[in-house]
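# Tertiary structure, described
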Amino acid sequence: MDITKEKSVSEAIEYRRSVRVFKKEPIDENKVKECIRLATLAPTSSNMQLWEFYHVVSPEVLSRITAASFFQNAAKTANQMVIVVARKDLWKKRIQSNVNHLKSKFGDKPESEYSKRELFALNYYQKIVPTLYIDFIGILGTLKYLFFQVIGLFKPTYKETRRSDMRIVAQKSAALAAQNFMLGMAAINYDTCPMEGFDSSRIKKILDLPSSAEINMIIGCGIREENGIYGERFRVPFEEVYSKL
């Protein structure tokens, strides 16, 4: 395969590996930034986009993050890093962004002239989504959880309403975006390594993040060394994870 040619989706998926050692060869910051833009096109629950991306190119910041990542090779040899952050705490701001977007599409008219579909879309963000995210030290989330468990005895009901559930929702969306990023990088023959081994408190301090933000993963970026991949890809037999109903 010509490594100078951009890969198809299937080729990028096959090519992508967790690279632990990168060459000292630099990579293009603008190309990495474009891959981050592609990351933001990932699916996200209720279009809330509860994520942020920190593109780290400064040698000084890279060094500090490497130290907070236990000096693992994927961090130590990375040419650049991308840190994916889950921001459940921004739910009110994201709701307002969605409401503003919808109203801009509906046109400049009073709500009394909205169609049923338009009203449903607005009510979804102004009533339903806040119901899921509003909480008070976990108490409201538990009460909502119990309420919907009872309702669920009689009809299909969404039951993931606790604070911990909404954290998972934000993390899942952030992880989907991270995968978009890594496949975008693979398509242009750049390599990545998603890392979960780090001191999250120190990383948040380096990035000047509030305590409510959560680090989803740190992704080392560069071009793979010959010894950068630790062994052949191993997956359990497909039949063990595939079911056809």
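First, a word on what this report is: a plain description of the structure on this page. In this text the structure is predicted, and so the values were computed from the model without any measurement.

### Let's talk about the sheet that holds strand β2 (residues 80–86)
With antiparallel pairing, four strands are arranged side by side in an open sheet as β1-β2-β4-β3. Each edge of the open sheet is held by one strand with a lone partner, namely β1 (51–56) and β3 (191–195). For this sheet, the mean angle separating the axes of adjacent strands, direction not counted, is 20°. Across the face of the sheet, helix α2 (residues 29–39) comes into contact with β1 and β2 while running at roughly 170° to β1.

### Quick look at the pattern of salt bridges
This structure, assessed with the given rule, holds ten salt bridges. When the shortest N-O distance is used, the salt bridge between Arg87 and Asp89 registers 2.7 Å. Assessed through its relative accessible area of 7%, Arg87 is described here as buried. A relative accessible area of 29% places Asp89 in the partly exposed class. Of the charged contacts, one joins Arg224 and Asp191 as a salt bridge, the two residues approaching to 2.6 Å between their closest N and O atoms. Note that Arg224 is positioned in the loop between β4 (214–222) and α10 (238–241) and Asp191 in strand β3, a separation of 33 residues in sequence. Judged by its relative accessible area of 2%, Asp191 falls in the buried class.

So, how was this worked out
- Residues numbered from 1 in each chain as written.
- Predicted model: local features only at pLDDT ≥ 70, side-chain atom pairs only at ≥ 80, totals over all residues.
- Heavy atoms only, no water.
- Pairing = 2+ DSSP bridges.
- Helix = DSSP H or I, 4+ residues; strand = E, 2+ residues; numbered from the N terminus.
- Axes fitted to C-alpha atoms, helices over the stretch in contact; angles between N-to-C directions.
- Contact = heavy atoms within 4.5 Å.
- Salt bridge = Lys/Arg side-chain N within 4 Å of Asp/Glu carboxyl O.
- Buried < 20%, exposed > 50% of the residue type's maximum accessible area, 1.4 Å probe, protein only.

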